[in-house]
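Each chain, letter by letter, is given below.
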Amino acid sequence: QVHLVESGGGLGQAGGSLRLSCAASGIIFSIHGMGWYRQAPGKQRELVASITRGGSTNYANSVKDRFTISRDNAKNTLYLQMNDLQPEDTAVYYCNAVTSMFIWGQGTQVTVSS
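This is a predicted model, so every value here is computed, not measured.

## Things to note about the overall build of the chain
Counting its regular elements, the chain contains zero helices and 11 strands. Along the chain, helices (α) and strands (β) appear in the sequence β-β-β-β-β-β-β-β-β-β-β when read from the amino end. Scaling as 2.2 N^0.38, a compact globule of 114 residues should have a C-alpha radius of gyration of about 13 Å, and the chain matches this with 13 Å. Taken along the three principal axes of its C-alpha coordinates, the chain extends 40 × 25 × 20 Å. A buried classification covers 40% of the 114 residues belonging to the chain. Considering only contacts within the chain whose residues lie at least 6 apart along the sequence, 52% involve residues at least 24 apart. Accessible surface for the chain amounts to roughly 6100 Å². Of this, 51% is attributable to carbon and sulfur atoms. In the chain, the 9 positive side-chain charges and the 7 negative ones have mean positions that sit 7 Å from each other.

## A closer look at unusual backbone geometry
The phi dihedral of Asp65 is positive, around 70°, even though this residue is not glycine. Counting through the fold element by element, Asp65 comes out in the loop between strand 6 (57–59) and strand 7 (67–72). The exposure class of Asp65 is exposed, given its relative accessible area of 83%. In this structure, Asn76 takes a positive phi of about 50° despite not being glycine. In this structure, Asn76 sits in the loop between strand 7 and strand 8 (77–82). Overall, Asn76 belongs to the partly exposed group, its relative accessible area being 32%.

What counts and how
- Sequence order as written defines residue numbering, which begins from 1 separately in each chain.
- Only residues with pLDDT of at least 70 are given local features in this predicted model, and only at 80 or more are side-chain atom pairs given and counted; all residues enter the totals for whole chains, interfaces and linings.
- With hydrogens and water stripped out, all remaining heavy atoms of the structure feed into the side-chain values.
- Numbering of helices and strands runs from the N terminus, with a helix taken as a DSSP run of H or I at least four residues long and a strand as a DSSP run of E at least two residues long.
- Here the globule rule reads 2.2 Å times residues to the power 0.38, and the radius of gyration is calculated from C-alpha atoms.
- The rule is simple: take the accessible area with a 1.4 Å probe, protein chains only, and divide by the maximum for that residue type; under 20% is buried, over 50% is exposed, in between is partly exposed.
- Residues count as neighbours in contact if any of their non-hydrogen atoms are within 4.5 Å of one another.
- Each accessible area is a Shrake-Rupley estimate made with a 1.4 Å probe; only the visible protein chains count as cover when residues are assessed.
- The convention is simple: Lys and Arg are positive, Asp and Glu are negative, and His and the chain ends are not counted.
- In this description, the location of a charge corresponds to atom NZ of lysine, CZ of arginine, CG of aspartate or CD of glutamate.

Below you can see the structure in the form of structure tokens.
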């Protein structure tokens, strides 16, 4: 089994930056890919960015050129660098790992003020 713990959320200002981290533990070799999702109040959870085991990345159009997903394999940690934050980025951000199932972290709140 894989366990995910997010950190790094909080309050940011429009135009500012935040970095989210997701520490993975457990059967790491079973992970095919990882990603960040977010869910704003009253909206469905949506994919923000993903990275495959081979390192290929994918981004939602709304965050392209502003957010960067990366990972440190030595630390078993996934990151999401968020630059030029906008109020519409306000949401709970969830780390996700794909094994034989979808594994979710507990989520971290990101609030962006204008």
